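Here is how the chains run, residue by residue.
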Amino acid sequence: MKKLLRNCVMPLVLSVVLLPLLTGCTVESNWWDDPGSGWGYNDPRLAGNWVLVQYNSDNVPANATNYLQFDGRGYGYYYYYDRGYLDRERLRYWCQNSVSGTSNYQINIQYEYSNPLTTNYWFTHGNNTLWMQWRTGGGVQTYVYDRIDYIP
């Protein structure tokens, strides 16, 4: 009987006890959830690749820039430099009419690993320059992105 317990029952009991620990590692956060009502469309003018060229009227050097890639259907990637290497994270985005009066449109960008951002946006230069502007405790933040053919 001891042999039966040791060889059959104990491994079964251990497996049942340890199973939740193994499956707990694979649960993915739900960073991509829908932000709620009012965020119902994706602006087709956003589709494509964008490089940050200005931050609050200061030019951004190539090694300190970031990139946005929008697919036109609410998904994309955010690329940024981390210790000299280009890294990326997934993003989701939703648009709505602006409620602040700064522009006619707002975008909610939900980053995979970073904090979400809701910002007013508008275009200039034939929809090839994207302006994003929002207010923080430090004042108004303005990012200017130019459309590019591909992410380096």
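As the structure is a prediction and not an experimental result, all values here were calculated from the model.

Brief notes about the pattern of salt bridges
So, point 1. In the structure shown here, the tally under the stated rule is 4 salt bridges.
So, point 2. The partner of Asp43 in a salt bridge is Arg45, with the nearest N and O atoms 2.7 Å apart.

Remarks on unusual backbone geometry
So, point 1. In this structure, Arg83 takes a positive phi of about 55 degrees despite not being glycine.
So, point 2. Tracing the backbone shows Arg83 in the loop between strand 4 (75–82) and strand 5 (85–97).
So, point 3. At His125, a residue that is not glycine, the phi angle is positive and equals roughly 55 degrees.
So, point 4. Residue class for His125 comes out exposed when judged on its relative accessible area of 60%.

Describing the nonpolar core
So, point 1. One finds Leu46, Leu68, Phe70, Ile107, Leu130 and Met132 to be the most contacted residues of the largest nonpolar core, which totals 20 residues.
So, point 2. Going through the elements one at a time, strand 1 (48–55), strand 3 (66–70), strand 5, strand 6 (105–111), strand 7 (117–124) and strand 8 (129–136) are the ones with two or more residues in this core.
So, point 3. The residues contacting Met132, other than those within four sequence positions of it, are Leu68, Phe70, Ile107, Ile109, Thr119, Asn120, Tyr121, Gln141, Thr142, Tyr143 and Tyr145.

Some words on the environment of Leu86
So, point 1. Among the secondary structure elements, Leu86 is positioned in strand 5.
So, point 2. Among the residues examined, Leu86 registers a relative accessible area of 31% and is labelled partly exposed.
So, point 3. C-alpha of Leu86 to C-alpha of Ile151: the two residues are 65 residues apart in sequence and 9.9 Å apart in space.
So, point 4. Sequence-distant contacts of Leu86, defined by excluding residues within four places in its chain, comprise Tyr67, Tyr79, Tyr80, Tyr81, Ile151 and Pro152.

Rules used throughout
Residues numbered from 1 in each chain as written. Predicted model: local features only at pLDDT ≥ 70, side-chain atom pairs only at ≥ 80, totals over all residues. Heavy atoms only, no water. Salt bridge = Lys/Arg side-chain N within 4 Å of Asp/Glu carboxyl O. Helix = DSSP H or I, 4+ residues; strand = E, 2+ residues; numbered from the N terminus. Buried < 20%, exposed > 50% of the residue type's maximum accessible area, 1.4 Å probe, protein only. Core = buried A, V, L, I, M, F, W, Y, C linked by side-chain atoms within 4.5 Å. Contact = heavy atoms within 4.5 Å.

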